[in-house]
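Fold and geometry: a report
For reference, the chains in residue letters:
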Amino acid sequence: MAKQENSDEQEYKARSVALRLLARREHSRQELALKLRQRKLEASIISLVLDDYESEGWLDDNRFADVYSRQRIDLGYGPLKVLAELQQRGIHQAPACVDELADADWIRNALLLREKRFGLSDLGDDWGERLRQARFLTRRGFTASQVERVLEVSDAADLGF
């Protein structure tokens, strides 16, 4: 009898914690499962609760990936960083909002980020500054070809923006 009560109590706790977390922001299934495991809940109960929430539409990895990607892109992160962070959260497919952006869109985002952070001065032979800016943009998740294109620009009109 005590085993059944404990199981019911754990299921109630798992449901309430998961719902409270989902009310704050979108989570991936993997993120939510990790947070519930950290609260020492049984794996079978976690799986049951997450399955129920997915069938109700409260937990959706595709929706999470879309929302998360849009937020990260708006914050100035490149495609490599966005996709890597999604993989860390259990999403192994690129959401449509990432696939829809052409290389020119990513270059424009990187250019805006460079302009905001460093300005668009001509880097010419200043290899130290060129390297510093390249490292920054690379850490932000832009590809080498995108970084190279952005570093060649000394005026936004050069790319037609």
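Residues numbered from 1 in each chain as written. Predicted model: local features only at pLDDT ≥ 70, side-chain atom pairs only at ≥ 80, totals over all residues. Heavy atoms only, no water.

Some thoughts on the nonpolar core
The line we're drawing: Among buried residues, the Ala, Val, Leu, Ile, Met, Phe, Trp, Tyr and Cys ones that are joined through side-chain atoms within 4.5 Å form a nonpolar core. For every residue, the accessible area (1.4 Å probe, protein chains only) is compared with the maximum for its type, and the residue is labelled buried under 20%, exposed over 50%, or partly exposed between those bounds. Think of it this way: any DSSP run of H or I at least four residues long counts as a helix, any run of E at least two long counts as a strand, and we number them from the N terminus.
Counting residues in hydrophobic clusters, the biggest one holds 26 residues, and the most contacted among them are L86, L137 and F142. Residue assignment for this core shows that the elements contributing at least two residues are α4 (61–74), α5 (79–88), α6 (96–99), α7 (103–118), α8 (127–139) and α9 (144–151). In this structure, A18, A33, I45 and I46 belong to the second largest nonpolar core, which totals 15 residues.

So, the environment of T143
Stated formally: The contact definition used throughout considers only heavy atoms, calling two residues in contact when any of these lie within 4.5 Å.
Along the polypeptide, T143 turns up in the loop between α8 and α9. Between the C-alpha atoms of T143 and I107, which are 36 residues apart in sequence, the distance is 9.4 Å. Residues in contact with T143, not counting those within four places in the same chain, are P79 and L80.

Section: the packing of α4 against α5
To keep it simple, the criterion reads: Angular values range over 0 to 180 degrees, each being the angle between N-to-C directions of two axes fitted as lines to C-alpha atoms, with helices fitted over their stretch in contact. Crossings are classed by handedness, with left-handed meaning an anticlockwise turn of the near helix from the far one by less than a right angle and right-handed meaning a clockwise turn.
Between α4 and α5, the least distance of the axes is 10 Å, while the angle of their chain directions is 145°. Helix-helix and strand crossings are classified by hand; for α4 and α5 the assignment is right-handed. Taken together, the residues of α5 that come into contact with α4 (itself represented by F64, A65, Y68, S69, R72 and I73) are V82, E85 and L86.

Concerning the side chain of E129
Worth spelling out the cut-off: N or O atoms within 3.5 Å of each other form a polar contact, as long as, within protein, one can give a hydrogen and the other can take it, and as long as residues adjacent in sequence are counted only when both atoms are side-chain atoms.
Here E129 lies in helix α8. Among the polar contacts listed, one links the side chain of E129 to the side chain of R132, at a separation of 3.0 Å. Discounting residues that sit within four places of it in the chain, E129 has contacts with F118 and L123.

Overview of unusual backbone geometry
A positive phi is found at K40, a non-glycine position, where the angle reads about 65°. Mapped onto the elements of the fold, K40 is located in the loop between α2 (29–37) and α3 (43–56). Look at K40 and you get exposed, because its relative accessible area is 69%.

What about the packing of aromatic side chains?
The criterion, for reference: Note on aromatic contacts: the rings of Phe and Tyr and the six-membered ring of Trp form a pair at centre separations within 6.5 Å, being stacked when their planes are under 30 degrees apart, edge-to-face when over 60 apart, and tilted otherwise. Should the NZ of a Lys or the CZ of an Arg lie within 6 Å of a ring centre and within 35 degrees of the ring normal, that charge is described as sitting over the ring.
Scanning the model with the defined rule gives three aromatic pairs in all. Ring geometry for Y53 and W58: centres 5.1 Å apart, planes at 65°, overall edge-to-face. For Y53, a relative accessible area of 4% translates into the label buried. Here the guanidinium or amino end of R72 rests over the ring plane of Y77, the centre of that ring lying 4.2 Å away.

Structural notes on the confidence of the model for the protein
The condition that has to hold: Each residue gets a pLDDT score, which is the predictor's confidence in that residue and runs from 0 to 100.
Looking at the protein, the pLDDT average stands at 91 and 93% of residues meet or exceed 70. Within the protein, α5 carries the highest mean pLDDT (97), whereas helix α1 (residues 2–24) carries the lowest (85).

As for the environment of N109
Within the secondary structure, N109 is located in helix α7. Along the sequence, N109 and Y77 sit 32 residues apart, while their C-alpha atoms lie 8.3 Å from each other. Once residues lying within four places of it in the same chain are set aside, the contact partners of N109 are I73 and F142.

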